[in-house]
Amino acid sequence: FTAILIYTNCPYKAECAAASYFLIATAVISVLQCLLMISIGRAMSKVDKIDVYDLAPTNITASLKWKGTLAKRCPYMSRVLLLTNGSTCMIGLAVAASMCPTSGNWESECSTHSANSMTDFGVILALFAMLSAIGCCTNTRAQPVVYLYDPEPEHRDSASEKVGGCVDCIAKCVHP
């Protein structure tokens, strides 16, 4: 939401359009990740409360199937969104550093502070780093839940499997 505030209060759309696109992308990805995380939390709380009676074929509802799918598949998508958002923040900082006017050379100022693209994107990147640090400190359960079990293949043969494994390992460092 910091990206939305910066976009609406600063002259990026008029003076540095490329950076404004990265602000919008960061805001959209953040909202999507927020909604996904809320959905995952609600789904996991529902799935954690089911018992054997609820798993009988006659008692499984479409809602329970949907929540089970969310609880199983969406943590991976949340990690991907987090890495995408972090990459967008870093690329946005690089674009702002190379294309935006330097501090004091803006034609108009922000309504809340003096226009400085490095500071604005630096704040967003610092918030991302803080969120990632909190993710690193999060303890996963001592006994992982069964529906989140993710077997690892013995051998990764293709290059795409090796790259996917590396990305997943990095993602799990900042978002368990």
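Just above sits the structure.
Everything in this summary refers to the structure shown in the same document. Since the model is a prediction, treat every value here as computed from it, not as a measurement. Per chain, residues are indexed from 1 in the order of the written sequence. At least 70 in pLDDT is required for a residue's local features to be given in this predicted model, at least 80 for side-chain atom pairs to be given and counted, and no such filter applies to totals for whole chains, interfaces and linings, which use all residues. Hydrogens and water molecules were not included; the side-chain quantities draw on all heavy atoms of the structure.

A look at helix 3 (residues 17-48)
Stated formally: Note on conventions: DSSP H or I runs of at least 4 residues are helices, E runs of at least 2 residues are strands, and numbering of each starts at the N terminus. Expected span, for any helix, means 1.5 Å times one less than how many residues it has. For each residue, the accessible area found with a 1.4 Å probe, counting protein chains only, is set against the maximum for its type, and the residue is called buried under 20%, exposed over 50%, and partly exposed in between.
End to end, helix 3 covers 46 Å across 32 residues, agreeing with the expected 46 Å (1.5 Å per residue, within 8%). Along helix 3, the positions that sit buried rather than exposed are A19, S20, L23, T26, A27, I29, Q33, L36, I40, A43 and V47.

Describing the packing of helix 1 (residues 2-9) against helix 3
To keep it simple, the criterion reads: With axes taken as lines fitted to C-alpha atoms, and helix axes fitted only over the stretch in contact, angles between N-to-C directions fall between 0 and 180 degrees. Note on convention: the crossing is left-handed when the near helix lies turned anticlockwise from the far helix by less than a right angle, right-handed when the turn is clockwise. Two residues qualify as a contact provided that any one of their heavy atoms is within 4.5 Å of a heavy atom in the partner residue. Residue classes follow a fixed rule: Ala, Val, Leu, Ile, Met, Phe, Trp, Tyr, Cys and Pro count as nonpolar, while Asp, Glu, Lys and Arg count as charged, and any other residue, Gly among them, counts as polar.
Packing of helix 1 against helix 3 leaves a shortest axis separation of 8 Å and a crossing angle of 145 degrees. In the crossing of helix 1 with helix 3, the sense of the turn from one axis to the other is left-handed. Between helix 1 and helix 3, the residues in contact are A3, I4, I6 and Y7 and S20, L23, I24, T26 and A27, respectively. Here the contact of helix 1 with helix 3 is composed, by residue class, of 7 nonpolar, 2 polar and no charged.

What about the environment of A97?
Mapped onto the elements of the fold, A97 is located in helix 4 (residues 62-99). Through-space distance from the C-alpha of A97 to that of M118 is 6.3 Å; in sequence the pair is 21 residues apart.

Things to note about the nonpolar core
Spelled out, the test is: Residue types Ala, Val, Leu, Ile, Met, Phe, Trp, Tyr and Cys, when buried and joined through side-chain atoms within 4.5 Å, form a set referred to as a nonpolar core.
With 19 residues, the main nonpolar core has Y12, A19, L23, C100 and F121 as its most contacted residues. For this core, the element with the highest residue contribution is helix 4, accounting for 4 residues. The contact partners of Y12, leaving out residues within four places of it in the chain, are I6, A17, A19, S20, L23, C100, W106, N116, S117, D120 and F121. In this structure, I40, A43, A71 and C74 belong to the second largest nonpolar core, which totals 9 residues.

A few points about a nonpolar patch on the surface
What counts is decided by this rule: Note on patches: the residues involved have over 30% relative accessible area and no salt bridge, like charges join within 9 Å, and the nonpolar side chains Val, Leu, Ile, Met, Phe, Trp and Tyr join within 5 Å. Areas reported as accessible are Shrake-Rupley estimates using a 1.4 Å probe. Residue values count occlusion only from the protein chains shown. Basic side-chain nitrogens of Lys or Arg form a salt bridge, by our definition, when they fall within 4 Å of a carboxyl oxygen of Asp or Glu.
Taken together, the side chains of F1, I4, V31 and L35 define a hydrophobic patch exposed on the protein surface, amounting to about 380 Å² of accessible area. For I4, a relative accessible area of 36% gives the class partly exposed.

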